[in-house]
Amino acid sequence: MLPRIFRGGSPFLWVKFVETKTRLSINNWRWDVSLHFCLNLLINHHLQKAKQILIRYREKVFMKNDLKNIHCNLFYVYLEGIYDLFNGKENDSEKVIMIFREVLKYEGYANQLDDTYGFF
């Protein structure tokens, strides 16, 4: 369960707030938080707000192919896949789960992603 500040429409507002921060040390943290809020929005079927976060991440981070963002980029691909499920499109979410499970050996995290994916 998310803290009260992050419930309802608050995650989207919080994301807009953290996106205003520009310090490099905060950037990775804020994008990771933004993507997790996006997951919360997808779970609650706030697809339009979730898509806005995904578009911002794609434009500002993903397209730069910076190695330091690889963990967030994988999570972004996973979230894009969940969004695509709502639209009946093929997606790469299961490939991301496989990367965490078989390549990186993050079995616990892969199981969490798999459980969330199964929810949709």
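The coordinates are above.
Every chain's residues receive numbers from 1 upward, in the order its sequence appears when written. Only residues with pLDDT of 70 or above have their local features reported here, since the model is predicted, and side-chain atom pairs are shown and tallied only from 80 upward, although totals for entire chains, interfaces and linings are computed over all residues. To obtain the side-chain values, all non-hydrogen atoms of the structure were included, while hydrogens and water were left out.

A. Expanded view of unusual backbone geometry. Not every positive phi belongs to a glycine, and His-45 is a case in point at roughly 60°. Here His-45 is to be found in the loop between helix H2 (24-43) and helix H3 (47-60). Residue Lys-105 is not a glycine yet carries a positive backbone phi of 65°. Accessible area is worked out with a 1.4 Å probe on protein chains only. A residue is then buried under 20% of its type maximum, exposed over 50%, and partly exposed in between. Owing to a relative accessible area of 60%, Lys-105 belongs among the exposed residues under this scheme. Numbered from the N terminus, helices here are DSSP runs of H or I no shorter than four residues, and strands are runs of E no shorter than two.

B. Structural detail: the environment of Phe-86. With respect to the helices and strands, the residue Phe-86 is situated in helix H4 (residues 70-86). Separated by 44 residues in the primary sequence, Phe-86 and Leu-42 have C-alpha atoms spaced 9.3 Å apart. By the convention used here, residues are in contact when the closest approach between their heavy atoms is within 4.5 Å. Excluding residues within four positions of it along the chain, Phe-86 makes contact with Leu-42, His-45, Leu-47 and Phe-120.

C. Representation of the packing of helix H5 (residues 93-103) against helix H6 (residues 107-119) in the model. It is at 8 Å that the axes of H5 and H6 come closest, and there the two elements cross at 160°. Classified by the angle their axes make, H5 and H6 are roughly antiparallel. Handedness of the crossing formed by H5 with H6: left-handed. Within the contact between the two elements, H5 uses Ser-93, Glu-94, Ile-97, Phe-100 and Arg-101 and H6 uses Glu-107, Tyr-109, Ala-110, Asn-111, Leu-113, Asp-114 and Tyr-117. Residues are grouped as follows: Ala, Val, Leu, Ile, Met, Phe, Trp, Tyr, Cys and Pro are nonpolar; Asp, Glu, Lys and Arg are charged; all remaining types, including Gly, are polar. Here the contact of H5 with H6 is built from residues that sort into 6 nonpolar, 2 polar and 4 charged. Here an angle of 0 to 180 degrees is reported between the N-to-C directions of two axes, which are lines fitted to C-alpha atoms, with helices fitted over the stretch in contact. Any angle from 65 to 115 degrees is called roughly perpendicular, while one under 35 is roughly parallel, one over 145 is roughly antiparallel, and all others are oblique. Put simply, a crossing is left-handed when the front helix is turned counterclockwise from the back one by less than a right angle, and right-handed when it is turned clockwise.

D. Broad picture of the pattern of salt bridges. Every case where a carboxyl oxygen of Asp or Glu lies within 4 Å of a side-chain nitrogen of Lys or Arg is listed as a salt bridge. What the rule picks out here adds up to 4 salt bridges. Among the ionic pairs, Glu-80 bridges to Lys-51, the shortest N-O distance being 3.3 Å. Here the residue Glu-80 occupies a position in helix H4, and Lys-51 occupies one in helix H3, the gap between them amounting to 29 residues. Take Glu-80: its relative accessible area is 16%, and that puts it in the buried class.

E. Up close: the nonpolar core. In these notes, a set of buried Ala, Val, Leu, Ile, Met, Phe, Trp, Tyr and Cys residues joined through side-chain atoms within 4.5 Å is what counts as a nonpolar core. Leu-35, Tyr-57, Tyr-78 and Leu-79 are the most contacted members of the largest nonpolar core, which has 26 residues in total. Tyr-57 has contacts with Trp-31, Leu-35, Phe-62, Asn-69, Cys-72, Asn-73 and Tyr-76, leaving out every residue within four places of it along the chain.

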